[in-house]
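# Coordinate analysis (summary)
Residue strings, one per chain:
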Amino acid sequence: AQTVTQSQPEMSVQEAETVTLSCTYDTSESNYYLFWYKQPPSRQMILVIRQEAYKQQNATENRFSVNFQKAAKSFSLKISDSQLGDTAMYFCAFYNAGGTSYGKLTFGQGTILTVHP
Amino acid sequence: NAGVTQTPKFQVLKTGQSMTLQCAQDMNHNSMYWYRQDPGMGLRLIYYSASEGTTDKGEVPNGYNVSRLNKREFSLRLESAAPSQTSVYFCASKQGSGANVLTFGAGSRLTVL
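The structure presented is a predicted model; accordingly, all values stated were derived computationally and were not measured. (Residues numbered from 1 in each chain as written. Chains lettered and ligands numbered in written order. Predicted model: local features only at pLDDT ≥ 70, side-chain atom pairs only at ≥ 80, totals over all residues. Heavy atoms only, no water.)

So, on to the side chain of arginine 36 of chain B. All names here are of chain B. As for its position among the elements, arginine 36 is in strand E4 (residues 31–38). Of the polar contacts made by the side chain of arginine 36, one reaches the side chain of aspartate 38; its length is 2.8 Å. A distance of 2.8 Å separates the side chain of arginine 36 from the backbone oxygen of serine 84, its partner in a polar contact. (Helix = DSSP H or I, 4+ residues; strand = E, 2+ residues; numbered from the N terminus. Polar contact = N/O pair within 3.5 Å; in protein donor to acceptor, adjacent residues only side chain to side chain.)

Written out as C-alpha cells, the structure reads:
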C-alpha cells in the first residue's frame, strides 16, 4: 500500500513571493503518477499539476512547478509569484498506474496555504 | 457541461437515520468513486466502481453501501448514520483504467447528531 505524507499542516506567504509545499510518499511500485490538487474555500477539488514517475523532467504549469526526486520519494510544489487566489488547502496525491489500481488515488493530509497581501 | 453533480450539498441527520448521497456525471466516464474528507486525514476512498455493474471497497467502507445505477450514476447510502460519519463526501469520476485524472464533484457536507 502507498502512503503520502505532507508534514506542513499550515504555511503562509506574502503576495508575490515564492513558497514550497513538501510531500513525501512511500511505494514499492515503479509505474505511478503524482498530483497536486488545490481545494479553495469553495471546497471544489482542482487539479494543479501532474507528474509521471517515468519522466525525469519536472512538470511545470505557469506559476506552479514541482521538484520530483524519485530516489528520495519526494514531490514538492513550488508556487512562484504567489497570488491571493492561491489561498487554499493543497493535497498531494499518488496514483498507482500498474495492475488493476482503477484510479485509487491516495491523498496526503493536506497543507493549508494562506497568501497575505 | 456540468461535470460531476452531487446532491444534496448539505444534510443534517440524527443518529440511526438513513440517507443516500446521489452522484451523476455527464462525461461518459467509466469509473466512479466516493471519498470522505476529514480534518488532518486528507481524502479517503470509501467505495469505487471501475465500470458499470461493478463496485469494490476502498479504504473505509464500513457503514456504507453503494449502487452503480447506470454508467452516469453512483450513489452512496448510509443505512444507520453514526456521528463518526460526519464528514464532507466527494464523488469523482474518470474515463477508464488507463486514465489517471479524476474529476471531482463539489462535495456534500453531512452532519450526524
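The structure having been displayed, the exposition proceeds.
Tyr25, Trp36, Phe75, Leu77 and Tyr90 of chain A are the most contacted members of the largest nonpolar core, which totals 25 residues. It is strand E10 (residues 88–96) of chain A that contributes the most residues to this core, 4 residues altogether. Leu13, Trp34, Tyr47 and Leu110 of chain B belong to the second largest nonpolar core, which has 20 residues in total. (Core = buried A, V, L, I, M, F, W, Y, C linked by side-chain atoms within 4.5 Å. Buried < 20%, exposed > 50% of the residue type's maximum accessible area, 1.4 Å probe, protein only.)

Let's shift gears to the environment of glutamine 83 of chain A. Residues and elements named next belong to chain A. In this fold, glutamine 83 is placed in the loop between strand E9 (74–79) and E10. A relative accessible area of 37% means that glutamine 83 is categorised as partly exposed. Linking glutamine 83 and alanine 16, residues 67 residues apart in sequence, is a C-alpha distance of 6.3 Å. The contacts of glutamine 83, once residues within four sequence positions are left out, are Glu15, Arg63 and Val115. (Contact = heavy atoms within 4.5 Å.)

The subject of this paragraph is the interface of chain B and chain A. Bring the parts together and some accessible area is lost; that lost area is often taken as the interface size. The interface of chain B with chain A comprises 26 residues on the first partner and 18 residues on the second. Taken over both partners, the interface formed by chain B and chain A buries close to 1800 Å², and the fraction arising from carbon and sulfur atoms is 56%. A per-residue breakdown of the area chain B buries against chain A is headed by Leu43, Asn100 and Phe104 of chain B, which together make up 30% of the total. Viewed at the interface, chain A and chain B are joined by 0 salt bridges. Remark: the boundary between chain B and chain A carries 6 residue pairs in polar contact (both at pLDDT 80 or more). Where the side of chain B that touches chain A is concerned, the elements lending two or more residues are E4, strand E5 (42–49), strand E9 (87–94) and strand E11 (108–112) of chain B. When residues in the side of chain B that touches chain A are grouped by element, the largest group, 4 residues, is from E5 of chain B. (Buried area = accessible area lost by both parts, 1.4 Å probe. Salt bridge = Lys/Arg side-chain N within 4 Å of Asp/Glu carboxyl O.)

This part covers the pattern of salt bridges. Residues and elements named next belong to chain B. Following the criterion strictly, the structure yields 6 salt bridges over all chains and no others. Close ionic contact of aspartate 38 with arginine 36 constitutes a salt bridge, the shortest N to O distance being 2.8 Å. The same class applies to aspartate 38 as to arginine 36, namely buried. Here arginine 77 ties to glutamate 79 by a salt bridge, and the two come within 3.1 Å at their closest N and O atoms. In this structure arginine 77 comes out as partly exposed when scored by relative accessible area, which is 30%.

This part covers the packing of aromatic side chains. The full count for this structure, using the stated rule, is 16 aromatic pairs over all chains. Counting every residue linked through ring pairs, the aromatic cluster contains Phe35, Tyr37, Phe91 and Phe107 of chain A together with Tyr35, Phe90 and Phe104 of chain B. The ring centre of phenylalanine 10 of chain B lies 5.3 Å from the NZ or CZ of arginine 43 of chain A, which sits over that ring. (Phe/Tyr/Trp six-rings, centres within 6.5 Å; stacked < 30°, edge-to-face > 60°. Lys NZ or Arg CZ within 6 Å of the ring centre and 35° of its normal.)

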